[in-house]
Amino acid sequence: MENSPDGVFILLDGQLVYMNQAAQLMFGVDLPKGASIPVTQVLDPSEHERAARNVALRISGVLRGATSYKGRRADGSVFPIEVHAVPLELRGRRGLHGIIRDITTRRVMEEQLEQLERSTVVTRLAAGIAHDFNNLLAVIQSNAEVAERSATDPGVQASVKRIHLAVQRGTEKVRQIQQMAKTVRDGDPHRAMYVNPIVEDVLELTRARWRDEAESLGIQYEVQWEPGLPPPVVGSRGDLQAALVAVVFNALESMEDGGTLTIRTGKDAAGEVLITVGDTGEGIPGLELSQLVDPFFTTRTDRQMGLGLQLVSGVLERHGGQLEIDSTPGTGTTVALLLPKADHGPTEPPPPPKTNLLLRSSSPSVPEPDRPRTRGGRSVLLIDDQADLVQVVRTILEIRGYSVDTALNGRDGVALAEATKYSIVLTDLGMPDISGWEVARCVREAQPGTPVILMTGWAAEIDDEKLAENQIQELLPKPFRSEQLLALMDRVLGEVD
């Protein structure tokens, strides 16, 4: 028992009268021969009542098998333990004899596996949602075409064109989701393909992370895409996409306050396919580099689950490739994916690189409006980097009688707020220059008392406490209907009056 790696104990009348060396080290206690400590000393107070009840049930033979508790070390730290015990009678005293195991590592692995399973479930659900969304887009597209043929008003025609553009962007997103989900569900046969289109699809798939979500948090990433002329490869498009997505996400995680993400393609000295993903993040110490592909290992325990590079390594192994990592702490990391070139390429020539890939979606320009003609309770400052949305919202508000100034970025909006007093300010959260939080702060300084409504597609992640902290009156989730917008405006202005 003294040499057992598990903690061994004897419990009599609620007292631990024996703990082997492993058990003493586990809890940070010293229990000399002949001494004892109450069992409550090694348990979190929340477990005392349950433990007493379970001890009685075990002694009587009713409770069997393992039981988990929150253990408590001498320094007050709490950790999960698992107890296996059987009844014991010693010198006329009844109690328990058994082993205690620290299951912290196991719990972490269980939680990470559960997260992985949830991710798989979400991916499978996405396939079904994408199918339904495609049907909805088809209805929108066909009705827009009918409206376009019968519309004579130039304003209506312009609105229909914006609908067409939105449907096209939505259809492309759905295609990408379906492609990724199909790989998870059915697998993806290996075939000859070019890698540049795969990288471009990955940039599109991850755009919400490195642009939209980042902007909503006030973080700026500069993404650089430098396509070379690599030879074709033979492989699974879905697998290679998943591997690149994992590498990109890891790179973004390493740049907590923003930075530069650079993706290049080309050939190595031997003529094999080379894809590199570089970041300007915190870098990785040399001692940890060899562990990066181990399951569940992560340098950021507060963030991702540590399966990303293990997934990448597995994909490359199945493709006959290899993973190379070069990192300097404080400077950044470069991850290189090396793949064997195909003996025979696709029948069609490689498509040209998408030169406008990193640009924002083209949208109709918003004409510079007149300054608000009506003051009092009817002047609005509308700030959003999506020009087509600005056009629609401005039209809705002007029909209701509001006078509206617009800005397509946060800094221009702040400049307007510093020059003109408004009745209300509507601002997007994620913008390319400054976030909606910063806009709200500047508006408070420029014109205290002016209510601010925050518009965002990330509404589910924002709680009332965050709004109150930033002194924002209301949250308007995107997408929204005109009735929601107008009702919210009336309520906020009514409260101000």
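Being a predicted model, the structure only gives us computed values, none of them experimental.

S.K.: I keep staring at the overall build of the chain and nothing clicks. Help me out?
M.R.: Helices and strands together make up the secondary structure of the chain, namely 13 helices and 18 strands. Of the contacts formed within the chain by residues at least 6 apart in sequence, a portion of 64% connects residues at least 24 apart. When the accessible surface of the chain is split by element, carbon and sulfur atoms take 53% of a total near 25,900 Å².

S.K.: Even after reading the chapter, I still don't get the packing of helix α10 (residues 410-419) against helix α11 (residues 436-446), so can you show me in this structure?
M.R.: Working note: a packed helix pair is described by the angle between its axes plus the distance between those axes. At their nearest, the axes of α10 and α11 sit 9 Å apart, and the two run at 10° to each other. Judged by the angle between their axes, α10 and α11 are roughly parallel. Contacts between α10 and α11 pair Gly-410, Val-414, Ala-417 and Glu-418 from the former with Val-439, Cys-442, Val-443 and Ala-446 from the latter. Class assignment of the residues belonging to the contact of α10 with α11 gives a composition of six nonpolar, one polar and one charged.

S.K.: Got a minute to help me understand the sheet that holds strand β16 (residues 424-428) in this structure?
M.R.: Strand pairing within a sheet occurs via backbone hydrogen bonds; the two strands may be parallel or antiparallel. If you walk across this open sheet you meet the five strands as β15-β14-β16-β17-β18, and the pairing is parallel. The open sheet has two free edges, formed respectively by β15 (403-407) and β18 (474-477), since each of these has just one partner strand. Neighbour to neighbour, the strand axes of the sheet diverge by 20° on average, direction disregarded. Sheet topology note: the strand β14 (residues 379-383)/β16 ladder contains four bridges and is parallel. Within the sheet, the bridge partner assigned to Ile-383 lies in β16 and is Thr-427.

S.K.: Would you mind showing me how to read the packing of helix α5 (residues 196-216) against helix α6 (residues 237-254) here?
M.R.: Packing of α5 against α6 leaves a shortest axis separation of 9 Å and a crossing angle of 45°. It follows that α5 is oblique to α6 by the angle criterion. In terms of crossing hand, the pair formed by α5 and α6 is right-handed. Across the interface between the two elements, Pro-197, Ile-198, Val-199, Asp-201, Val-202, Leu-205, Thr-206, Arg-209 and Trp-210 of α5 pack against Arg-237, Leu-240, Gln-241, Leu-244, Val-245, Val-248, Phe-249, Leu-252 and Glu-253 of α6. When its residues are assigned to classes, the contact of α5 with α6 shows 12 nonpolar, two polar and four charged.

S.K.: Is there a simple way to explain the nonpolar core in this structure?
M.R.: Taken as a class, soluble globular proteins show a tendency for nonpolar side chains to be buried jointly. Of all hydrophobic cores here, the largest spans 36 residues; its most connected members are Leu-203, Leu-244, Leu-261, Val-312 and Leu-337. Looking at this core, the elements with two or more residues in it are α5, β8 (221-226), α6, β10 (259-267), β11 (273-279), α8 (308-318) and β13 (332-339). With nine residues, α6 is the single largest residue contributor to this core. By size, the runner-up hydrophobic cluster in this structure holds 23 residues, among which are Ile-383, Leu-416, Leu-429 and Ile-434.

S.K.: What is the right way to read the packing of aromatic side chains from this model?
M.R.: By convention here, two paired aromatic rings are described through the distance between centres and the angle between planes. Evaluation of the coordinates by the stated rule reveals one aromatic pair. Taking NZ or CZ as reference, Arg-378 lies 4.0 Å from the ring centre of Tyr-402, over its face. The cationic tip of Lys-466 hangs over the ring face of Trp-437; the distance from NZ or CZ to the ring centre is 4.9 Å.

S.K.: Would you mind showing me how to read the environment of Thr-280 here?
M.R.: Following the sequence through the fold, Thr-280 ends up in the loop between β11 and α7 (286-289). Overall, Thr-280 belongs to the partly exposed group, its relative accessible area being 44%. Taking the C-alpha atoms as reference points, Thr-280 and Ser-327, 47 residues apart in sequence, are found 9.9 Å from one another. With near-sequence residues (within four places) excluded, Thr-280 lies in contact with Met-255, Gly-259, Thr-260, Thr-331 and Gly-332. Engagement of the side chain of Thr-280 in a polar contact is seen with the backbone nitrogen of Thr-260, the distance being 3.0 Å.

The rules behind the values
Residues numbered from 1 in each chain as written. Predicted model: local features only at pLDDT ≥ 70, side-chain atom pairs only at ≥ 80, totals over all residues. Heavy atoms only, no water. Helix = DSSP H or I, 4+ residues; strand = E, 2+ residues; numbered from the N terminus. Contact = heavy atoms within 4.5 Å. Areas by Shrake-Rupley, 256 points an atom, 1.4 Å probe, with all protein chains shown as cover. Axes fitted to C-alpha atoms, helices over the stretch in contact; angles between N-to-C directions. Parallel < 35°, antiparallel > 145°, perpendicular 65-115°, else oblique. Nonpolar A, V, L, I, M, F, W, Y, C, P; charged D, E, K, R; others polar. Pairing = 2+ DSSP bridges. Left-handed = near helix turned anticlockwise from the far one by under 90°. Core = buried A, V, L, I, M, F, W, Y, C linked by side-chain atoms within 4.5 Å. Buried < 20%, exposed > 50% of the residue type's maximum accessible area, 1.4 Å probe, protein only. Phe/Tyr/Trp six-rings, centres within 6.5 Å; stacked < 30°, edge-to-face > 60°. Lys NZ or Arg CZ within 6 Å of the ring centre and 35° of its normal. Polar contact = N/O pair within 3.5 Å; in protein donor to acceptor, adjacent residues only side chain to side chain.

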